[in-house]
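Listed below, chain by chain, are the residues.
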Amino acid sequence: MPNPYVVVATMIAKPGQEELVEQTLTAAAAAVHAEPGCLLYALHRKAGTTAHFVMIEKWASKEALHAHGQSAALRHIGEALGNALTGPAEILVFDPLPAGDPELGAL
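The structure displayed is predicted, hence computed values, not measured ones.

What counts, and where the lines are drawn
- Residues numbered from 1 in each chain as written.
- Predicted model: local features only at pLDDT ≥ 70, side-chain atom pairs only at ≥ 80, totals over all residues.
- Heavy atoms only, no water.
- Pairing = 2+ DSSP bridges.
- Helix = DSSP H or I, 4+ residues; strand = E, 2+ residues; numbered from the N terminus.
- Axes fitted to C-alpha atoms, helices over the stretch in contact; angles between N-to-C directions.
- Contact = heavy atoms within 4.5 Å.
- 1 Å grid on protein atoms, 1.4 Å probe; cavity = no way out; pocket = protein on both sides within 12 Å on 5 of 7 lines; lining within 4 Å.
- Points joined across faces, edges and corners; volume = space filled by probe spheres on them.
- Buried < 20%, exposed > 50% of the residue type's maximum accessible area, 1.4 Å probe, protein only.
- Salt bridge = Lys/Arg side-chain N within 4 Å of Asp/Glu carboxyl O.

Chemist: So what exactly am I meant to see when it comes to the sheet that holds strand β1 (residues 5-12) here?
Modeler: In any sheet, the strands associate via hydrogen bonds between backbone groups, in a parallel or an antiparallel arrangement. Spatial strand order, β2-β3-β1-β4: four strands in an open sheet with antiparallel pairing. With one partner strand each, in any of the chains shown, β2 (38-45) and β4 (90-94) form the two edges of the open sheet. With direction set aside, neighbouring strand axes in the sheet form an average angle of 15°. Alignment of β1 against strand β3 (residues 52-59), held across eight bridges, turns out to be antiparallel. In the strand pairing of β3, Val6 is matched with Lys58. Those strands touched by helix α1 (residues 18-33) are β1, β2 and β3, and its axis lies near 165° from that of β2.

Okay, here's the thing in structure tokens:
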């Protein structure tokens, strides 16, 4: 298998929109998990905050990540959260640099 693509997407909810952001992202998880090539799609919240969300993703290939970017689930998230975030999501894509134990040294 080629090296997977790891994505970290950070979103900050506007005041009063935290629940909408959390519900929208958690509701989309099942659809995203079913997308071909999805190896991980896990929502987190920055400790000690209510508004700072981070989605950690792992995709089997560049093609799978591209297809996710065009998916109905992602379009729905964009529509639902269009006015709920302080700005656009910050999307960072990473190439893995495995080190040490193969199970512990890479996502």
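From this point on, the discussion continues.
Chemist: Explain the layout of surface pockets here, please?
Modeler: A probe matching the size of a water molecule, rolled over the atoms, marks out where space remains unfilled. Empty space within the largest pocket amounts to approximately 300 Å³. Listing elements by their share of the lining of the largest pocket, those giving two or more residues are β1, β3, α2 (62-69), α3 (72-80) and β4.

Chemist: How should I be thinking about the environment of Ala28 in this particular structure?
Modeler: Relative to the assigned elements, Ala28 resides in helix α1. Residue Ala28 is classed as buried on the basis of its relative accessible area of 7%. Residues Ala28 and Lys14, spaced 14 residues apart in sequence, show a C-alpha to C-alpha distance of 20 Å.

Chemist: Sorry if this is basic, but what is going on with the pattern of salt bridges here?
Modeler: Proximity of charged atoms lets side chains of opposite charge pair with each other. In the structure shown here, the tally under the stated rule is one salt bridge. As a salt-bridge pair, Glu22 and Arg45 come within 3.1 Å of each other at their nearest N and O atoms. A residue pair is termed long-range when its members are at least 10 positions apart, and Glu22 in helix α1 and Arg45 in strand β2 qualify at 23 residues.

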